[in-house]
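# Structural characterization, general
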Amino acid sequence: MAVITVDKLCKRYAGATAPAVHDVSFTVVDREFMVLLGPSGCGKSTVLRMIAGLEPITSGTVSIDGQVVNQVPAKLRDIAMVFQSYALYPHMTVHDNLAFGLRRRRVEQTEIDRRVHAAAKKLGLAQLLKRKPHALSGGQRQRVALGRAIVRDPKVFLFDEPLSNLDAALRVTTRNELIKQQHDIGTTSIYVTHDQVEAMTMGHNICIMNEGEVVQMGRPLDVYRNPANTFVAKFLGNPPMNLLQGRLEAQDGHPVIRVAGSDVALPKRTAAALGRHVGHDVIVGVRPEDLYEIAPSGASAQIARLSVRIVAVESLGAETLLVMALDASNQELIARIGRNTAVRSGDRLDIAVDTAAIHLFDPASTTAIVQAPQNN
Amino acid sequence: MNAQLQLWLGQLRRLPLVVFVILYTAVTGGPLLWVAMMSLRTTAEIFKNPYGFPSPAHWEKFADAWTKSNYSTYFWNSTIVVVIAVVLVTVIGAMAAHCLARYNFRGNRVVRFLILSGLVLPPQLLILALFQILLDLNLYNTLPGLVLVYVATHIAMTVYILEGFFAQIPQDLFDAARMDGYSDFEIFWRVTMPIGAPAIFTTVTLNFIILWNEFLFAVILLTDDDKRTLPLGIMHFTGSHQLDVGMAATGLMIAIVPIVAIYALFSETMIKGMTAGAVR
């Protein structure tokens, strides 16, 4: 049982003009797996290190189960951490690496052996206990690092980009293994990554950070479907959301967006929220999967069309990405369509847009004006 | 035929290297061989024919050197002084290097500069001051006094070598040890020292060899015969009072035994420590 509360956390390094972390607040409930997601240098690892007690806190508080732990040294916080580099002691065997933390805590030798062997069995390391880290593969090292955290049976797990040193194939299997372990053990966890796939697949909740601040928090699919601003829209999703310059107008009382000379009528239910933006420029966001070469049947009322020229066709096997330029303005956008397409580079096309999935952002503040309705 | 020609050309290309190695071996190994031969001959035989072979070989000279010529005292004096000095300089130097490499404290750069500036100080510059200080502390003409001087003068090089190595140990290892519950001092002993072993062996070997052969400080700061270290003891036989070249050569052969042993034991680790980075 552990609840972590981070309240108005700030970190400013000596001599730095801007704070590395500014006013970060969130709560991770018991047994939750929270993912801190953001680009390199956004301050997510600094937040994790402050929670771990490895980095002094400039202001704000970190609480575990309601107790502020700002002044509690790392070793007394009952937190285990898995590092990006695994941080295995190179002069110790796998067994000693796993037992190192328990020995310091004066756990009896028989209990140490029991816990080490149990963790080794669970992680498939039983045959490797006498090896030293240099004789292990990347995946095995990663499992030893995880085992070192598990044997301590801590209140909280912290993960600092633990998969980023693995190759692509191993990353997928290790990711699934981690999800399974967390499900079995159920310890409250915070996981830092810059990889959106890890965030989407692993987290119960994700917290997106940029330039030291929290940009948006929520369940992965909610955040994906309703990005709070253009940063999240661009950061989540691969390829990212298309962002186009447009202008919001009203025609016969209905909201219409003018994009590259075409008028796109918006669904009526969004009209009320748009009132004060009519007559102003907006940023129009469309996910690549909401653009269609052939409009899906049964949704004709919500389809608009944009004239485009195909710049490139990227066939990925399971699907095809179309890189297109809008005829009128030359703005580029990407569509994710089926694998069986006859479209060729240089072709002209009227690409179909699902207007119900259109996002609108304020160009000045970059925040969302109206969020697309959830189509569960 | 063509293949043979290529083989021959390949060997010809290596000829300059082979010639260089032979010359280098002759220049360095020649004097050693000469002293080894002299160590088995009497001074009278040497004066008669300086380059002669030891025939008959006087092996008893080694026993005489040890028992009659005071070499046992010189040897033990050297051993005590050098072993204690090397242990102290290694432990103190490693602690200093760990702090400089790991902690970003106020004045870090100034402390580093002050310690490392010791690298460029010529020893001759220190002699007068050291003489006066040891006299004031009643440590002149004592072995502990010489140990202190050796530690002080070799800290700079030790810190220089160790800090470079320790700085390459990833910070994550120290953070992991902190999360595992270890204090800063325990982390030094249980993480830095074992991982830094190759660099530690390097400094131990270098300091041992340099201090074992040290002459300048010893000749100024020790006066009693029963406190002399080996280099002084050997010089005693070729000084103004007596000229016993044969016994000096025997003493030299005794003196180099520990150096050769240390080098044979640690040379591989030392080369690794000087060339490789920290284990990741």
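Remember, it's a predicted structure, so these values are computed and weren't measured experimentally. (Residues numbered from 1 in each chain as written. Chains lettered and ligands numbered in written order. Predicted model: local features only at pLDDT ≥ 70, side-chain atom pairs only at ≥ 80, totals over all residues. Heavy atoms only, no water.)

Moving on, we get to the overall build of chain A. Looking only at helices and strands, one finds nine helices and 21 strands in chain A. Dimensions along the principal axes, computed over C-alpha positions, put chain A at roughly 80 × 45 × 40 Å. By the burial criterion, 50% of the 376 residues in chain A qualify as buried. Relative to all contacts within chain A whose residues are 6 or more apart in sequence, the contacts with residues 24 or more apart total 65%. By element, 49% of the accessible surface of chain A is carried by carbon and sulfur atoms, the whole surface being about 16900 Å². (Helix = DSSP H or I, 4+ residues; strand = E, 2+ residues; numbered from the N terminus. Buried < 20%, exposed > 50% of the residue type's maximum accessible area, 1.4 Å probe, protein only. Contact = heavy atoms within 4.5 Å. Areas by Shrake-Rupley, 256 points an atom, 1.4 Å probe, with all protein chains shown as cover.)

What follows is about the domain arrangement of chain B. It is common to report an interface's size as the accessible area lost on association of the parts. Per the domain assignment, the segments making up chain B are domain 1 (2–62) and domain 2 (70–240). Between the C-alpha centres of domain 1 of chain B and domain 2 of chain B the distance comes to 35 Å. (Domains from an automatic or database assignment.)

Okay, the packing of aromatic side chains next. Following the criterion strictly, the structure yields 18 aromatic pairs over all chains and no others. Taking the centre distance of 5.2 Å and the plane angle of 70 degrees together, the rings of F188(B) and W189(B) count as edge-to-face. Relative accessible area serves as the criterion here: at 3%, F188(B) is assigned to the buried category. When the centroid spacing of 5.5 Å and the interplanar angle of 10 degrees are considered together, the rings of F208(B) and W212(B) count as stacked. With a gap of four residues between them, F208(B) and W212(B) both fall in helix α11 (residues 197–212), about one helical turn apart. When sorted by exposure, F208(B) lands in the same class as W212(B), which is buried. Through a chain of ring-to-ring contacts, the aromatic side chains of W66(B), F75(B), W76(B), F208(B) and W212(B) assemble into a single cluster. One Lys or Arg, R104(A), reaches over the ring of Y182(B) and ends 5.9 Å from the middle of that ring. Across from the ring centre of Y224(A), 3.9 Å away, lies the NZ or CZ of R287(A), which sits over that ring. (Phe/Tyr/Trp six-rings, centres within 6.5 Å; stacked < 30°, edge-to-face > 60°. Lys NZ or Arg CZ within 6 Å of the ring centre and 35° of its normal.)

Position of R143(A) relative to the elements: it lies in helix α4 (residues 138–151). Here L123(A) takes part through its backbone oxygen, which lies 2.9 Å from a polar atom of the side chain of R143(A). (Polar contact = N/O pair within 3.5 Å; in protein donor to acceptor, adjacent residues only side chain to side chain.)

Turning our attention to the sheet that holds strand β7 (residues 156–160) of chain A. Backbone-to-backbone hydrogen bonds pair the strands of a sheet. The strands run either parallel or antiparallel. All names here are of chain A. One open sheet holds the six strands; their spatial order is β6-β7-β8-β3-β9-β10, and the pairing between them is mixed. Taken across any chain shown, the strands that pair with only one partner, and hence form the sheet edges, are β6 (79–82) and β10 (213–218). Pairs of neighbouring strands in the sheet enclose a mean axial angle of 20 degrees, with direction left out of account. Bridging between β6 and β7 involves four bridges; their strand directions are parallel. Its bridge partner being in β7, M81 is matched across the sheet by L158. (Pairing = 2+ DSSP bridges. Axes fitted to C-alpha atoms, helices over the stretch in contact; angles between N-to-C directions.)

The subject of this paragraph is the interface of chain B and chain A. Residue-level contacts link 17 residues of chain B with 25 residues of chain A. Roughly 1900 Å² of surface becomes buried between chain B and chain A when both sides are summed, with 60% attributable to carbon and sulfur atoms. Across the chain B-chain A interface, the total number found is three salt bridges. A salt bridge links R152(A) to D180(B); the nearest nitrogen and oxygen atoms lie 3.6 Å apart. If you look at where chain B meets chain A, you find 10 residue pairs in polar contact (both at pLDDT 80 or more). (Buried area = accessible area lost by both parts, 1.4 Å probe. Salt bridge = Lys/Arg side-chain N within 4 Å of Asp/Glu carboxyl O.)

To continue, consider the pairing of strand β9 (residues 205–210) of chain A. Residue and element names in this part refer to chain A. The pairing of strand β3 (residues 33–37) with β9 spans four bridges and is classified as parallel. Looking across to β9, one finds that V35 is bridged to I206. Sheet topology note: the β9/β10 ladder contains five bridges and is antiparallel. Across the sheet, residue N210 finds its bridge partner in β10, namely E213. Turn length for the β9-β10 hairpin, with the two strands adjacent in sequence and antiparallel, is two residues, and the turn residue E211 shows positive phi of about 50 degrees.

This brings us to the packing of helix α10 (residues 184–195) of chain B against α11(B). Residue and element names in this part refer to chain B. Their axes nearest at 4 Å, the elements α10 and α11 cross at an angle of 70 degrees. Taken together, α10 and α11 sit at an angle that is classed as roughly perpendicular. Of the residues in α11, those in contact with M193, P194 and I195 of α10 are A197, P198 and I200. (Parallel < 35°, antiparallel > 145°, perpendicular 65-115°, else oblique.)

Attention now moves to the sheet that holds strand β16 (residues 303–315) of chain A. Residues and elements named next belong to chain A. Taken in spatial order, the five strands of this open sheet run β15-β19-β16-β17-β18, and their pairing is antiparallel. Since the sheet does not close on itself, it has two edges, and those belong to β15 (291–292) and β18 (332–337), each with one partner. Taken together, the two bridges between β15 and strand β19 (residues 348–354) define a ladder with antiparallel strand orientation. Its bridge partner lying in β19, L291 is registered against V353.

This paragraph deals with unusual backbone geometry. Excluding glycine, most residues fall at negative phi; most peptide bonds, likewise, are trans. Residue P239(A) follows N238(A) across a cis peptide bond; omega there is 0 degrees. For P239(A), the position within the fold is in the loop between α8 (230–235) and β11 (242–251). The residue N138(B) is not glycine, and still its phi comes out positive at about 60 degrees. By the element assignment, N138(B) lies in the loop between α7 (123–136) and α8 (143–166). Residue N138(B) is classed as exposed on the basis of its relative accessible area of 66%.

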